[in-house]
Amino acid sequence: MSSTFAPSAPTASAPDPRKLTTKHRVSDRIFRAVVTAFSFSALIILALIGIFLLTKGLSAFKEQGLHFFTSSTWSVTQDANGKDVNHFGLAAMLLGTVLIAAVALFIAVPLSVLTALFLTFYAPERIRTLLVSVVDLMAAFPSILYGLWGFFILGPMAEYWAKLINKYLGWIPFLSVPQPSFTRSPFIAGIVLAVMIVPIITSVSREVFSQTPLDRVQAAYALGASKWGMIKAVVLPFGSSGIVGGAMLGLGRAFGETVAVYSVLNIVFRPNWHILFTQGGNVASMIIGQWGEAGKAEISALLAAGLVLFVLTLLVNFAADFVVNRAVKSGR
Amino acid sequence: MSNSQSTQVQPIRPWAASTSDRAITGASVLVSALLTYILVATTPLKGKLAYFFVFFLIWFIIDSILISRRYGSKGVRDALAAKVTLFGGVIVMLAVASILWATISKGVKGLHLSLFTQTMRTTSFTDPFSNGGMLHSIIGTLYLILIAVLISVPMGILTAIYLTEIKGRAAGLIRFLVQAMSGVPSVVAGLFIYAAIILNTPLRNSAFLGGLALTILMVPTVTRTAEEVLNLVPRDLREAGLAMGATQWKTVALVVLPAARSGLITATVLGVARVAGETAPLLFTVGVFDAINPNPFKGGSGTIPTYIWAGLTAGTSDSVQRAWTAILVLLMVVLILFTLARTLGNKRMKAK
Amino acid sequence: MDNVNNEDKKVGEDMSTQSPSTKSLGDVAEKRAQARTSGSAPLGVGLEARGVHAWFGKHHALENVSLDFSAGTVTALIGPSGCGKSTFIRTLNRMHEFIPSAAMAGEVLLDGKDIYEPGIDVTKIRLQIGMVFQKPNPFPSMTIGENVLAGLKLAQIKHEGNKDDLLEECLTRAGLWTEVKDRLGAHAGGLSGGQQQRLCIARSLALKPKVLLMDEPCSALDPGSTLRIEDTISELSKSMTIVIVTHNMQQAARVSDYTAFFLAEGGPGQMVEVGPTNEIFSRPKDQRTENYVSGRFG
C-alpha cells in the first residue's frame, strides 16, 4: 500500500482552538480548594477590618454626624444633669495629618531621589553595597526608636532650626508663630517622618533607576552628554512615575505612623497651620493619646477615627499601585 | 596585516582618575575645610548647620574654578549635580549614624546582667534603672512572634502558592489585595483586633491577641517574599515532577517547597523583623504588664515595645534610661535577624 | 588565483545560496570603487588607531589593532561573531570605558591628536565622533523634532542660525524629511524601525561630527529600510569619515571603500587583513580572509 500524504489543503479559516481541561484527582481538588480559600484571606481580613471598625464606630458617626469631619473639638464632658455631652471632631487632626505628611514628603522626596541617584550612578562599587545595606537596614528600625531619637536628639536641633527659619522666613504665613514656642511641632514631626520614609522612597527609586534601558543611556553618552546630562535626559523621565509611586508608598506610611509622631508632637485639638509652632496632631497619634482614659463613647469615636485612617491609607495605596502599574504598562 | 606576537602591553585606563587628579581633589577638600573653619570662627554663623553648608559651598566654588578651566560650564553643572547628590546621600547617612550612635551610647549605660534575669514585678519604672529587668517582656515578645509566625507563615506561603502554582483567575486581585494589606497602618491592625474580638468575645488583653494583630502586619511581607522565592524555583523542577504523573500538591510539597526552603525561611525572618518592633497595635491588644505570664491566652503580657513605651512615658531619667537600653536590645535583635535574612538570601543566590 | 574571472565565478557560486543576485561580492565592490573615484575630493577628518588593545578585566578581548581611516572614506569592519569588531569600534569614541572592568592600550588619533590623552574632555570627543547603534534608540519622552536637536541640548551647544533649518537639513541628509516633515511634534515611538534608525542618524548629524561610527545599524531592520540607509551612508560619506561594523558581507561590498577583516582564533580578537573592498572580496591576501568571504565559516 502506498502511503499517500496529500499536502494539507489550505482551509478557509483556521479551526477554533480546543479547550484543554483536566479532571483533577481528589487530593489535588482538595489542595486547590484549600489554597484558594487561604489566599482569599487577604480579602477577608481587609473586609473584616472595615466591617468591625464601622460597626463599632457607628455610634460615634451617628451621634456626631458630619461634625465628625468638620469640627475640631474633642471633648468628653457632662452637662448639668450628669448626662454625657460628647464632641468628637477630627478636623484638626485630619489637617495635622496632611500637614505633617506634606512636610515629610517635602523633605524626604528630594533627599531620597538624590540618594538613589548617588547610589546608582556616583558611588564607587565598594561603597555602594555597604551604603545600600545601610539604607535597607534603616527601613527596619522600629518606629519607637524614631520616637526616642526624635524627642531626645533631633528635638533640640530641630527647635534651633525652626527658630532660624522663623527668624528669616517668618514673613511667610505658615512659617510664622503666634508665640515663640518651637518644641514638639508639626515641623519636627515632619522631619522624623521624613527620616522614616526615606528608605522606602530611596529603594523604590533605586530599583527604577537601575532598570533604565541601557541603549538610551548609551545614546545620550554617544551624543556627548555629561553624566548629569544623561541623567536629566534619560534616567529622570524614565523613572519619574516610579519615583511618584515610591513617594505615595511613603505617604501611606506617613499617614499611619503613631508612636514616632506621638513622641515629638504636642497634641492639641485646634487646627494649626503654623508648622513651626508647638501645636498639632495627627489622627494616628491622637488615637493612642486618647485611648488610655477613654470611656465607651470615646472608644467608639476612636474606632471611627481608625476607620477613617484605614480608608485614607487604602486610597493612597490604591493610587500608588495605579501610578506604578500605568508606568509599567506604558513601557516607560 | 597586523602582528599577532604575544605582547607585553599593559592595560591602562586613561579615563580613570589619575593620582594627580586625586591629589587635587584631596587638596581642594582640605582647603575648603580650612576656609570653612576660618569663616565660621570669624562670622556670626554657628552650629553644625553652618559648618555643613559652608563647607559644601566653598568646596563647590573651588572645584568649579578648577573644572571650568578645562570643561566649561557644562562640566561645572555636571560637577554641581555630582556634589548635590553626594550632599543628599551624606545627609541620609548622618541621620542613620546619629540614630545608631544615640542608641548605642545611651543604651549601653543601662546594660546590666540582671536586665535579662529579672522582671518589673517588684520594681517601678521610675526606680533606679539597675533594679528590675526586662525578662518578662522578652518572653512576651517571643510568645507574640511565635503566635504570629504560626499563623502568618502558613497563610503567606499558601497564598504565594496560589499565586505561583495555581495561578487562578483571581491571582491579579489577590496580589493587589496583599499589596493593599501591606499598607494597613499598625495602629489600625490593633484597633481591628480590639473591635472584633475584645468587644465581641470574652477574650481580653493577652499575648494571643497581640500575636493576631502582628499577624495582619506580617502576612503581606511573608506572602510577597515567598512569591518572589517560589518564582525563582526553575520551571523544569516542577515539570519533572508533573511529567512523572505526580499530583500537583505532591509536586509542590515534595519538590517546589524544599527547593525554596531557604528562601521561605528568609521570608519568615523578614516578616519577623518587620513586626518585632511594632508598638501601637500592642497598646490596644496586650497592654503593659510587669511580670512573666506563662499563659499567652489569658491575661496581659509584657512585651519589649510596650516596656520601652512605659519607660518613655513615665518621663523620669531612670525610666527613660530603661527605654534606651531596651531599644538597644531590640535593635540588636532586629539587626541579627536582618543579617540572617541577608546571608540566607545570598547563600541561595550563590548556590544557584 | 591566476585567472581573476574564474576566481570571481567561484566566489559567486559559493555565495549563491546566500545572495539572490548572480553578481559576486567582488563585482559589487568593484562597481562602487569606480563610482567613488569619479566623485569630488572627500571632506572630513582622518581617524587613526595605533596598536589598540582592549581588556574586560583579565580577558584580553582585542589585540594590537592598527587601522587608518582616511578622511571621507567608508570602512567596513567584518568578521564572525565575537571577534572584537564591536569592542574595537567602541574604543574609537571612548564608549568602551563604560564597562566597569574595561581597560585598553594604544592610541586613537583624531586629526593627529590622541583622544585618550589625560586631561581631555571626553564629551567633546564624542561630539566629533558620533555613533549609531544596532537597535534604534530614539528618546521616547521626546518628539521627533526634539530628538534631532537633543544632541545640542545635551551638549549645551548654542546653535547660531535657525533651528528649523538645522532640523530640516539633518532629516534630509538622513533621508527622513519627506516622511516626517508634517509631524515633527509627534512622539518618536510611533515610527517604524527603519524610520527610527534614520531619526537616530539625523540626531547624530545635528552635532556635525567629523566621523560617524555605525555598529551594525541595519541588522535589526527589514531589507527595504536597509537599502535606504545604505543610500544615506553613501551620501554622508561625501562629507565625513564613516566606520561601519556589519555582519552582512553584501552590505560591506555595496557600501564601503575599505574593508577590515577581524578574527578571534581562540584568543584575543585581531585584525587579519585590511584593504580596498573590491580587493578583499575578490583577491584577499590571507587564507583566513578568503575562507570567511567565501562562506566557508562564519
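Residues numbered from 1 in each chain as written. Chains lettered and ligands numbered in written order. Predicted model: local features only at pLDDT ≥ 70, side-chain atom pairs only at ≥ 80, totals over all residues.

A.B. asks: So what exactly am I meant to see when it comes to the overall build of chain B here?
C.D. replies: When its secondary structure is counted, chain B shows 12 helices and 0 strands. Order of helices (α) and strands (β) in chain B, N terminus to C terminus: α-α-α-α-α-α-α-α-α-α-α-α. Here the C-alpha radius of gyration of chain B, 28 Å, is well above what a compact globule of 352 residues would show, namely 20 Å. Across its three principal axes, chain B shows a C-alpha extent of roughly 80 × 70 × 35 Å. Expressed as a percentage of its 352 residues, the buried residues of chain B come to 42%. Restricting the contact set of chain B to residue pairs at least 6 apart, pairs at least 24 apart contribute 70%. (Helix = DSSP H or I, 4+ residues; strand = E, 2+ residues; numbered from the N terminus. Rg over C-alpha atoms; globule rule 2.2 N^0.38 Å. Buried ≥ 20, exposed ≤ 12 C-beta atoms within 10 Å, placed from the backbone. Contact = placed C-beta atoms within 7 Å.)

A.B. asks: What is the right way to read helix 6 (residues 143-169) of chain A from this model?
C.D. replies: Owing to its 3.6 residues per turn, the α-helix aligns residues three or four sequence positions apart on the same side. Here helix 6 of chain A spans only 31 Å end to end across 27 residues, well under the 39 Å set by a 1.5 Å rise per residue. The largest bend along helix 6 of chain A measures about 55° and falls at leucine 154 of chain A, with the proline proline 156 of chain A one to four residues further on. (Expected span 1.5 Å × (residues − 1). Bend = angle between axes of the 7 residues up to and from the residue.)

A.B. asks: Explain the packing of helix 6 (residues 207-232) of chain B against helix 9 (residues 261-276) of chain B to me, please; I cannot follow it from the model alone.
C.D. replies: Helices that pack against each other are described as a pair by the angle of their axes relative to one another and the distance between those axes. Residues and elements named next belong to chain B. Packing of helix 6 against helix 9 leaves a shortest axis separation of 8 Å and a crossing angle of 155°. On the basis of their axis angle, the class for helix 6 and helix 9 is roughly antiparallel. Seen along the crossing, helix 6 lies across helix 9 with a hand that is right-handed. Contacts between helix 6 and helix 9 involve Leu214, Leu217, Met218, Thr221, Val222, Thr225, Ala226, Val229 and Leu232 from the first element and Gly263, Leu264, Thr266, Ala267, Thr268, Leu270, Gly271, Arg274 and Val275 from the second. Across the contact of helix 6 with helix 9, the residue classes tally to 11 nonpolar, 6 polar and 1 charged. (Axes fitted to C-alpha atoms, helices over the stretch in contact; angles between N-to-C directions. Parallel < 35°, antiparallel > 145°, perpendicular 65-115°, else oblique. Left-handed = near helix turned anticlockwise from the far one by under 90°. Nonpolar A, V, L, I, M, F, W, Y, C, P; charged D, E, K, R; others polar.)

A.B. asks: Would you mind going over the domain arrangement of chain B with me for this structure?
C.D. replies: Interface size is commonly expressed as the accessible surface area that is lost when the partners come together. Residue and element names in this part refer to chain B. Per the domain assignment, the segments making up chain B are domain 1 (20-108) and domain 2 (135-351). Taking only C-alpha atoms into account, the centre of domain 1 sits 42 Å from that of domain 2. In this assembly, 5 residues from domain 1 lie in contact with 5 residues from domain 2. Counted by class, the side of domain 1 that touches domain 2 contains 2 nonpolar, 2 polar and 1 charged residues. (Domains from an automatic or database assignment.)

A.B. asks: Quick question: what am I supposed to make of the pairing of strand 2 (residues 84-88) of chain A here?
C.D. replies: All names here are of chain A. Alignment of strand 1 (residues 74-78) against strand 2, held across 5 bridges, turns out to be antiparallel. Along strand 2, the bridge assignment pairs tryptophan 74 with phenylalanine 88. Hairpin connection of strand 1 to strand 2: 5 residues between the antiparallel strands, including glycine 82 at a positive phi of 85°. (Pairing = 2+ DSSP bridges.)

A.B. asks: What is the right way to read the interface of chain A and chain B from this model?
C.D. replies: Listed as interface residues are 65 residues of chain A and, on the opposing side, 68 residues of chain B. In terms of residues, the side of chain A that touches chain B owes the most to one element, helix 2 (residues 41-64) of chain A, which gives 10 residues. A class-by-class count of the residues in the side of chain A that touches chain B yields 44 nonpolar, 15 polar and 6 charged.

A.B. asks: Help me understand the environment of serine 205 of chain A, please; the structure alone is not making it clear to me.
C.D. replies: By secondary structure assignment, the location of serine 205 of chain A is in helix 7 (residues 186-210). With residues up to four places along the chain from it excluded, the contact list for serine 205 of chain A reads Ser112, Val113, Ala116, Gly239, Gly242, Ile243 and Gly246 of chain A.

A.B. asks: I'm lost on the sheet that holds strand 5 (residues 113-114) of chain C in this one. Help?
C.D. replies: Pairing between sheet strands relies on hydrogen bonds along the backbone, with the strands arranged either parallel or antiparallel. Residue and element names in this part refer to chain C. The 4 strands are arranged 2-1-4-5 in an open sheet whose pairing can be described as antiparallel. Because the sheet does not close on itself, it has two edges, and the strands there are strand 2 (59-69) and strand 5. Taken together, the 7 bridges between strand 1 (residues 47-56) and strand 2 define a ladder with antiparallel strand orientation. Counterpart to alanine 54 in the pairing with strand 2 is leucine 62.

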